[in-house]
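Each chain is listed here by its residues.
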Number of protein chains: 2
Amino acid sequence: MRAGERAYRELRADIVSWRLTPGQVLGEVDLSERLGISRTPVREALSRLTADGLTEPHSGRGVVVSAISGEDVRALYELRDTLDCRAAELAALRGNRETFRQLADELSHAAERLSDDPDHVAYYALVDRMDAEIDAAAQNPYLQQALANVRLHLARVRRLSTSNPARLAVAAAEHEAIARAITEGEPALAVATTRVHLRNALSNAMRTPELAPVSPVAS
Amino acid sequence: MRAGERAYRELRADIVSWRLTPGQVLGEVDLSERLGISRTPVREALSRLTADGLTEPHSGRGVVVSAISGEDVRALYELRDTLDCRAAELAALRGNRETFRQLADELSHAAERLSDDPDHVAYYALVDRMDAEIDAAAQNPYLQQALANVRLHLARVRRLSTSNPARLAVAAAEHEAIARAITEGEPALAVATTRVHLRNALSNAMRTPELAPVSPVAS
DNA sequence: AATGCCATTCGTGTATACAGAGCCCTTGTC
DNA sequence: GACAAGGGCTCTGTATACACGAATGGCATT
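Everything numeric in this text was worked out from a predicted model, so none of it was measured. (Residues numbered from 1 in each chain as written. Chains lettered and ligands numbered in written order. Predicted model: local features only at pLDDT ≥ 70, side-chain atom pairs only at ≥ 80, totals over all residues. Heavy atoms only, no water.)

Student: Now, about the relation of the copies chain B and chain A: what can you tell me, with residues and values included?
Tutor: After a rotation of 180° and a shift along the axis of 0.0 Å, chain B superposes on chain A with an RMSD of 0.0 Å. The superposition of one copy onto the other is thereby described by a two-fold rotation axis. Here 100% of the contact residues of chain B are again contact residues in chain A; the copies associate through an equivalent surface. (Least-squares fit on C-alpha atoms with pLDDT ≥ 70 in both. Contact = heavy atoms within 4.5 Å.)

Next comes the structure, spelled out in structure tokens:
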């Protein structure tokens, strides 16, 4: 694989997983030595991260990892509500019913198996699959890209939130409700169930104490 | 200014204004000679254009200017409807009333002066200002960025559409209606007026004959 | 002691050189 | 005459060298 691509994915994973914390300075020379590649692909990776909004230029001092505040989470969920509701609506209009019927069935079983899977990898994989199916059903690449961007930022937040087992069980039921609404071809219900799910997800996310701090970096 | 930044803006302007047409191959060496800079900043510019979706990688042959079809326009307006309606709704909730009252007044006068201004630069500047005010009022940087992306792509389409004077007069009235809805702090009405405007704008855009052709580039 | 100025130094921005990979053209064979 | 294989060539991907700019630390001055 291309070195720039590897560097981008590695740094992105480091940021999303909070191995790189907000305010951390990413120097090109440091990174090129740490990753064992030259500065050119490092520059490409940093450019892409900055375009994604995960890093910010730091006047003459390279780039720093972006801070993410409670206000950011509010704004992100506001946008996610806009995009996810529309995607669910479009999926209800254009999606294949059998696909979402099967997803709903699997989700109803997934809630029962949450305790068997300590890290809930199976559940998260199922949610990711549902996101992908909604994207495909919406048949709108621009909407899909916008959603991918929001999900990238919210993935950072999820790593902070406590994965409360009780919340996960409720979330699974909410996802199932969305899938059933899409299965039945009811766009208004798909929007409503999505909105309910996102409101609850936001409430849960905002319980995270780390989301209050102000950015340690001067702008 | 940085050479990479200049190259990015110049190429982006060339693509939006259709001086560079879809399928056009952008070679790094050609561009570096044409722009009088080295390949490094050219690479940065091409990376950013590809991230924006204005160009696409062309397996081993650099990047080519992306095609834009009628289907793309439909998808773009679908996303724009989602984002613009939400932005207008938020502006009605959070915006400064006096700002939008003044915009509405200026728009009502702008329609009268359309014939005085052959290229309608004053009108378009006013619309751009209104977009900026809505962005600011929505107070959501992520929504703002998503909107900027959609507007970038639709700017390409606008250059193809015939700027019918009659349509512009109606569009000015539609913008005024949106501004008045925001002024009065009525989110539902702001959404409705925005939706009406976008539906009419889409109908007008789809009249462009060039939007049917298939991409001349093999994918 | 605090503050402003200057030199040093680190880091990015740019240019260029090199290597590997993909494509096209040519040539040989069926 | 057509198709396939191989070589050459051009292109991108990467590495490195150089220059300019900003930030920082020290020093002098008030």
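On we go.
Student: I'd love a proper account of the sheet that holds strand β1 (residues 25–26) of chain A, names of residues and values included.
Tutor: All names here are of chain A. Read across the open sheet, the three strands follow the order β1-β3-β2; overall the sheet is antiparallel. Two strands lie at the open edges of the sheet, namely β1 and β2 (55–57), each paired on one side alone. When β2 meets strand β3 (residues 63–65), the two strands line up antiparallel, connected through three bridges. In the sheet register, Glu-56 faces β3, and the bridge partner there is Val-64. Against the sheet, helix α3 (residues 39–52) makes contact with β1, β2 and β3, and its axis sits at roughly 105° relative to β2, the strand it touches most. (Pairing = 2+ DSSP bridges. Helix = DSSP H or I, 4+ residues; strand = E, 2+ residues; numbered from the N terminus. Axes fitted to C-alpha atoms, helices over the stretch in contact; angles between N-to-C directions.)

Student: Please give an account of the protein's contact with DNA strand C that cites residues and values.
Tutor: The immediate surroundings of DNA strand C are formed by 16 residues, with Arg-39 and Arg-43 of chain A together with Ala-3, Ser-38 and Thr-40 of chain B found nearest. In the environment of DNA strand C, a base nitrogen lies 2.9 Å from a nitrogen or oxygen atom belonging to the side chain of Arg-39 of chain A. Within the backbone of Ala-3 of chain B, an N or O atom sits 2.4 Å from a phosphate oxygen of DNA strand C. Those elements that provide at least two residues to the surface near DNA strand C are α2 (28–35) and α3 of chain A together with α1 (3–16) and α3 (39–52) of chain B. Broken down by element, the surface near DNA strand C gets its largest block of residues, three residues, from α3 of chain B. (Near = heavy atom within 4 Å. Polar contact = N/O pair within 3.5 Å; in protein donor to acceptor, adjacent residues only side chain to side chain.)

Student: Go over the pattern of salt bridges, please, and point to the residues and values.
Tutor: Residue and element names in this part refer to chain A. Evaluation of the coordinates by the stated rule reveals 45 salt bridges over all chains. One salt bridge connects Asp-14 with Arg-34, and the closest N-O pair in it is separated by 3.3 Å. Highlighted residues: Asp-14 in helix α1 (residues 3–16) and Arg-34 in helix α2, separated in sequence by 20 residues. By relative accessible area, which is 9% here, Asp-14 ends up buried. Arg-180 is the partner of Asp-105 in a salt bridge, and the nearest nitrogen-oxygen pair spans 3.1 Å. One end of the pair, Asp-105, is in helix α5 (residues 97–110); the other, Arg-180, is in helix α8 (residues 165–183), and 75 residues separate them in sequence. Through salt bridges that share partners, Arg-2, Glu-5, Arg-9, Glu-44 and Arg-48 make up one connected network. (Salt bridge = Lys/Arg side-chain N within 4 Å of Asp/Glu carboxyl O. Buried < 20%, exposed > 50% of the residue type's maximum accessible area, 1.4 Å probe, protein only.)

Student: Report on the packing of α1 of chain B against α3 of chain B, specifying residues and quantitative values.
Tutor: All names here are of chain B. Between α1 and α3, the least distance of the axes is 8 Å, while the angle of their chain directions is 45°. As summarised for this structure, α1 and α3 are arranged oblique, according to the angle between their axes. Crossing angle aside, the handedness with which α1 passes α3 is right-handed. Contacts between α1 and α3 involve Ala-3, Gly-4, Glu-5, Ala-7, Tyr-8, Leu-11, Arg-12 and Ile-15 from the former and Pro-41, Glu-44, Ala-45, Leu-46, Arg-48, Leu-49 and Asp-52 from the latter. Of the residues belonging to the contact of α1 with α3, the class tally is nine nonpolar, one polar and five charged. (Parallel < 35°, antiparallel > 145°, perpendicular 65-115°, else oblique. Left-handed = near helix turned anticlockwise from the far one by under 90°. Nonpolar A, V, L, I, M, F, W, Y, C, P; charged D, E, K, R; others polar.)

Student: Tell me what's going on with the side chain of Ser-32 of chain B, and back it up with residues and numbers.
Tutor: Residues and elements named next belong to chain B. In this structure, Ser-32 sits in helix α2 (residues 28–35). A relative accessible area of 8% means that Ser-32 is categorised as buried. Not counting residues up to four positions away in its chain, the partners in contact with Ser-32 are Ile-37, Ser-38, Arg-39 and Val-42.

Student: Go over the interface of chain B and chain A, please, and point to the residues and values.
Tutor: On the chain A side, the residues contacting the 26 residues of chain B number 26 residues. Summed over both partners, the interface of chain B with chain A buries about 2100 Å², with 49% contributed by carbon and sulfur atoms. Summed over the shared surface of chain B and chain A, the result is four salt bridges. The closest approach of N and O atoms between Arg-86 of chain B and Asp-81 of chain A, which form a salt bridge, is 2.2 Å. Seen at the junction of chain B and chain A, the total is 14 residue pairs in polar contact (both at pLDDT 80 or more). Elements supplying a minimum of two residues to the side of chain B that touches chain A: α3, α4 (70–94) and α7 (141–158) of chain B. The biggest single contributor to the side of chain B that touches chain A is α4 of chain B, with 13 residues. Residue classes in the side of chain B that touches chain A are distributed as ten nonpolar, six polar and ten charged. (Buried area = accessible area lost by both parts, 1.4 Å probe.)

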